[in-house]
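If you want the building blocks of each chain, they are given just below.
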Amino acid sequence: MQGTQMRAHLCGIQTAWTDASDAREAVCAVAAILDRTAIGHLLVFFAPAYATADLTAAIAEQFPGVGLAGCSTSGGICPAGAIDRGFVVIAFPHEGFRIVSDVLTEIDRLDVETTASSVRALRRTLDQNRPDRDPGPRFALSLIDALANAEETVVSAVAWALDGIPLVGGSAGDDLAFAGTVLIHNGAIHTNAAVLILVETDFPIRIFKSDNFEPTSQKFVVTAASEENRRVHELNAEPAAREYAMAVGLDPEHLTPMSFAAYPLAVKIGGEYYCRSISRLDEDGSLTFFCAISEGAVLTLAQPRDIVEATRAELASLDTALGGIDVVIGFDCVLRRLDAESRQVHHKISDLYRHYGVVGFETYGEQYRSMHLNQTFTGIAIGRGRSA
């Protein structure tokens, strides 16, 4: 993908993307091809190499008075395919969408009651913004600083206060450097924070999650862990990296993100398996995870199914349910991309995303309703026709 492009969707959303290397240049390039008079709110995803202060200043100059939320990524997704380095914009129109947002700070010591009060206040504001008629379909989007290790607390508190409004989202990334992820909200730059966006729309919607793994019979018990750091020191009373590597037939000295993508671990909750992906190998032979992990937890080695067919089936089902997909706001685990690349099928995933108009970013974790997940593709699909 070269240059700057945009797409106008039937629901009024405009999506735009650019591979410009400079933050101000990227914002100006996108602003030049969008119909700025129609825009009510911006959702942006950007490469961590961008100077965030320059990016937010340029957005304020080019889109004065427009609501803003966004985060750094480990790769962008746009209707033309994947962007390794660049800037992706979802521009919501004034008409057909009513949007409110807020930022939750200091999430590493989040107060559940305060968070619930903030979410309920957002819901009241959305109620007040509604025209004189019945409410349309609603959904919530979350963007969370992955390096605060607080997604589970944030998502459970927010989902409880949303009282049935479906939530999807993603954890900000930084190209697998794990050095610093960043969020922006209405001109301010945040770390150790989460941004929550509530949307009411006149168009039909469906939230979804898709994965491509199934459990094997191989089990591990977490026998020693630093839970606050999501770090596992021992599995089955053996050094964690060595025990994991032996089970999957790899050299424990040379485990990589590609290894973890190919051989995920899962935990069983309520009869269903959910990925608990490893983010990195630590120098002392421990393993750090993308999700919360506790001593005594039983982890199951998972084996992948066909990622292309699993993704195709999910998107086709959404397309049928909505009578045609107009645009998909998607949050895709960076490990899914690594796994697809290792199997040489990433181009087929990109083709699917192009076909169904997927726009979003590659994450360090995905949110779905009240759960924080790994190695999944979650999001919201918006249909072509207005809701009845």
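Residues numbered from 1 in each chain as written. Predicted model: local features only at pLDDT ≥ 70, side-chain atom pairs only at ≥ 80, totals over all residues. Heavy atoms only, no water.

The protein is annotated in an unreviewed UniProt entry as FIST domain containing protein of Methylobacterium haplocladii.

A.B. asks: Which residues make up the domain arrangement of the protein, and what are the values?
C.D. replies: According to the domain assignment, the protein contains domain 1 (4-209 + 308-383) and domain 2 (213-304). Centre-to-centre, using C-alpha coordinates, domain 1 lies 28 Å away from domain 2. Contacts between domain 1 and domain 2 engage 19 residues on the former and 23 residues on the latter. For the pairing of domain 1 and domain 2, the buried interface totals around 1,700 Å² over both sides, and the portion due to carbon and sulfur atoms is 60%. On the surface where domain 1 and domain 2 come into contact, there are three salt bridges. Put simply, domain 1 and domain 2 have eight residue pairs in polar contact (both at pLDDT 80 or more) between them. For the side of domain 1 that touches domain 2, the element with the highest residue contribution is helix α8 (residues 334-342), accounting for four residues. Here the side of domain 1 that touches domain 2 is built from residues that sort into nine nonpolar, five polar and five charged. (Domains from an automatic or database assignment. Contact = heavy atoms within 4.5 Å. Buried area = accessible area lost by both parts, 1.4 Å probe. Salt bridge = Lys/Arg side-chain N within 4 Å of Asp/Glu carboxyl O. Polar contact = N/O pair within 3.5 Å; in protein donor to acceptor, adjacent residues only side chain to side chain. Helix = DSSP H or I, 4+ residues; strand = E, 2+ residues; numbered from the N terminus. Nonpolar A, V, L, I, M, F, W, Y, C, P; charged D, E, K, R; others polar.)

A.B. asks: Any chance you could break down the packing of aromatic side chains for me, citing the residues and the numbers?
C.D. replies: Enumeration according to the criterion identifies 10 aromatic pairs in this entry. Members of the aromatic cluster, each reached through a chain of ring pairs, are F45, F331 and F361. One Lys or Arg, R120, reaches over the ring of W160 and ends 5.1 Å from the middle of that ring. Geometry around F178 places R280 over its ring, the cationic atom sitting 5.3 Å from the centre. (Phe/Tyr/Trp six-rings, centres within 6.5 Å; stacked < 30°, edge-to-face > 60°. Lys NZ or Arg CZ within 6 Å of the ring centre and 35° of its normal.)

A.B. asks: Tell me what's going on with the packing of α8 against helix α9 (residues 346-356), and back it up with residues and numbers.
C.D. replies: Each pair of packed helices can be summarised by the angle the axes make with each other and by the distance between the axes. Between α8 and α9, the least distance of the axes is 7 Å, while the angle of their chain directions is 125 degrees. Judged by the inter-axis angle, α8 sits oblique to α9. Along its contact with α8, which presents R336, R337, A340 and E341, the element α9 presents H346, I349 and Y353. (Axes fitted to C-alpha atoms, helices over the stretch in contact; angles between N-to-C directions. Parallel < 35°, antiparallel > 145°, perpendicular 65-115°, else oblique.)

A.B. asks: Outline the UniProt feature "domain: FIST C-domain" (unreviewed entry) in the protein, listing residues and values.
C.D. replies: Mapped onto this structure's residue numbering, the UniProt feature "domain: FIST C-domain" (unreviewed entry) falls at residues 240-370. Annotated as residues 240-370, this span is 39% helix and 31% strand, and its ends, taken at the C-alpha atoms, are 29 Å apart. (UniProt positions renumbered as here; feature names shortened; annotations may be inferred.)

A.B. asks: Explain the sheet that holds strand β12 (residues 188-190) residue by residue, including any values.
C.D. replies: What the seven strands build is an open sheet, ordered β1-β2-β7-β3-β4-β11-β12; its pairing is mixed. The open sheet terminates on both sides in strands that have one partner only, identified here as β1 (4-8) and β12. Between one strand axis and the next, the sheet turns by 15 degrees as a mean value, whatever way the strands run. (Pairing = 2+ DSSP bridges.)

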